[in-house]
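Descriptive structure summary
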Amino acid sequence: MDTKSLLKKVRKIEIKTRRLSDHVFGGEYHSTFKGRGMTFSEVRAYQFGDDVRSIDWNVTARYNEPFVKVFEEERELTMMLLVDISESTAFGTRETFKKDIITEMAATLAFSATKNNDKIGLMLFSDQIELYIPPKKGRMHVLRIIRELIEFKPSHKTTNLTKAFRYLIDMMKKKAIVFVMSDFLTDEYEHTLKILGQKHDVTGIRIYDEREEELPNLGMVQMKDAETGKAMWVNTSSGSTRKAYTKHYRDRVDYFHRAFKLSGSGYLSTRVDQNYVIKLLGYFKSR
């Protein structure tokens, strides 16, 4: 993609997702994810109904009338976006690929965090850590994140969630809001996710395509695994074959639900042709 086309695409995503974050998610994000605590702001004269435990006795003695301490929420937080860029996210049977929805959702979340003056970081992963951008503030930083989400070409095709979780556990020493965005067509990450969930506020966002849920009856079809590159002929007319395919898919989805639930983390799923805005809002409100 040439520079002009890239900038045009970045700008298009910024306009759409920034509008969503400003008018839809700003307040929900703020109320869902709290700051680290309360910091002292000022003192003011005591008013009827104030908690007597907040009286500043030194100032009260000095002025011979009651004053109370006023505290503000320490709002600044860090958001980390963990984004799966393995080959399976490039799948889509409609006009939109899974990676396109991932990019839009990540941008919306990033602008929501920026609106609250929080830091945002990005980690792109396959079965390796492909790119790590440390958390920073500001619109230009978010635009860099969007550019990477659009343009970055991974060097590996398969997925390893455990390696991504371990890397973040080692990198992030302070508690962060972590959004893991993937199709989660893998397993064996439950144990590491539990460790990550004990340290950070984690949410898994599963993005999927309707054609992944079941195999259509199309006769003999050559199918290729996007991540391994392995190709084989499959008789999609066979009921047992279609049943086995559906079971394999459902097992991955059930594992995703179970792993995030047992780790104490949040999770949601959205199909590429569904309104992810409604899904995110519903998730924020349920928190």
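Cut-offs applied
Residues numbered from 1 in each chain as written. Predicted model: local features only at pLDDT ≥ 70, side-chain atom pairs only at ≥ 80, totals over all residues. Heavy atoms only, no water. Patch = residues over 30% accessible without salt bridge, like charges linked within 9 Å, V, L, I, M, F, W, Y side chains within 5 Å. Areas by Shrake-Rupley, 256 points an atom, 1.4 Å probe, with all protein chains shown as cover. Salt bridge = Lys/Arg side-chain N within 4 Å of Asp/Glu carboxyl O. Lys, Arg positive; Asp, Glu negative; His and termini not counted. Charge placed at Lys NZ, Arg CZ, Asp CG, Glu CD. Helix = DSSP H or I, 4+ residues; strand = E, 2+ residues; numbered from the N terminus. Buried < 20%, exposed > 50% of the residue type's maximum accessible area, 1.4 Å probe, protein only. Pairing = 2+ DSSP bridges. Axes fitted to C-alpha atoms, helices over the stretch in contact; angles between N-to-C directions. Contact = heavy atoms within 4.5 Å.

A few points about a positive patch on the surface
A surface patch of positive charge is lined by Lys4, Lys8, Lys9, Lys12, Lys99 and Lys153. Counting residues per element, the positive patch draws most heavily on helix α1 (residues 3-32), which supplies 4 residues. Considering the arrangement of structural elements, one finds lysine 4 in helix α1.

Section: the pattern of salt bridges
Pairing between side chains becomes possible if they bear opposite charge and their charged atoms approach one another. Taken as a whole and assessed by the stated rule, the structure comprises 12 salt bridges. A salt bridge links glutamate 14 to arginine 11; its shortest N-O distance comes to 2.8 Å. Note that glutamate 14 and arginine 11 are positioned in helix α1 at a spacing of 3 residues, about one turn of the helix. Looking at glutamate 14, the relative accessible area reads 2%, which means it is buried. Overall, arginine 11 belongs to the partly exposed group, its relative accessible area being 43%. With a closest N to O distance of 3.7 Å, aspartate 254 and arginine 250 form a salt bridge. Here aspartate 254 and its partner arginine 250 are both found in helix α7 (residues 239-262), 4 residues apart, which amounts to about one turn of the helix.

Comments concerning the sheet that holds strand β5 (residues 129-136)
If you walk across this open sheet you meet the 6 strands as β5-β4-β3-β6-β7-β10, and the pairing is mixed. Looking at strand neighbours, the two that pair on one side only are β5 and β10 (266-271), the edges of this open sheet. Going from strand to strand, the sheet's axes swing by 15° on average, the running direction of each strand aside. This element, helix α3 (residues 98-115), spans β3 (78-84), β4 (119-125), β6 (177-182), β7 (201-208) and β10 of the sheet and lies at about 175° to β3.

By themselves, these are just geometric observations and shouldn't be taken as functional.
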